Amino acid sequence: FCKTAGNLKIKEPHIDVPLTLAILSSYFNRPIDIPSISCGELDLSGSVFLRSEIPLSEDFLKKYGIIQMLLPKTNNRNNNIEINNIYNLASIFKKT
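An account of the accompanying structure is given in this report. As the structure is a computational prediction, the values presented were derived from the model and not from experiment. (Residues numbered from 1 in each chain as written. Predicted model: local features only at pLDDT ≥ 70, side-chain atom pairs only at ≥ 80, totals over all residues. Heavy atoms only, no water.)

**Notes on the packing of aromatic side chains**
Stage number 1. Counting across every chain of the model gives two aromatic pairs.
Stage number 2. With 5.0 Å between their ring centres and 85° between their planes, Tyr27 and Phe28 make a pair best called edge-to-face.
Stage number 3. The exposure class of Tyr27 is exposed, given its relative accessible area of 66%. (Phe/Tyr/Trp six-rings, centres within 6.5 Å; stacked < 30°, edge-to-face > 60°. Buried < 20%, exposed > 50% of the residue type's maximum accessible area, 1.4 Å probe, protein only.)

**Some remarks on the nonpolar core**
Stage number 1. Counting eight residues, the largest nonpolar core is built from Cys39, Leu50, Ile54, Leu61, Ile66, Met69, Leu71 and Ile81.
Stage number 2. Setting aside anything within four residues of it in sequence, one finds Cys39 in contact with His14, Val17, Pro18, Leu50, Ile54, Leu70, Leu71 and Pro72.
Stage number 3. With six residues, the next largest nonpolar core counts Val48, Leu70, Ile86 and Ile92 among its residues. (Core = buried A, V, L, I, M, F, W, Y, C linked by side-chain atoms within 4.5 Å. Contact = heavy atoms within 4.5 Å.)

**Looking at the environment of Pro31**
Stage number 1. The residue Pro31 is located in the loop between helix 1 (16-27) and strand 1 (36-38) in this model.
Stage number 2. Taking the C-alpha atoms as reference, Pro31 lies 9.6 Å from Leu21; in sequence the two are ten residues apart. (Helix = DSSP H or I, 4+ residues; strand = E, 2+ residues; numbered from the N terminus.)

Written out as structure tokens, the structure is:
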């Protein structure tokens, strides 16, 4: 369970991986330097998965300077964006 500031309620299930990255980054005092985007769900065994495809256009990612995506194994293909596939909790922080 994670509490957010200002009574913000998060209903998005794909927030598990970004939240885990934030917690690990803080715990190990290691910033995530690469402009990246991540999404995915974590189950209790530490496996990462997507329930549906993430509709992100390459123009949107370029606009915000995103050069890397951390995603569970997916069919998303972007020409100018590096896609790192993550499979479990151990592989999440190694990819950043």
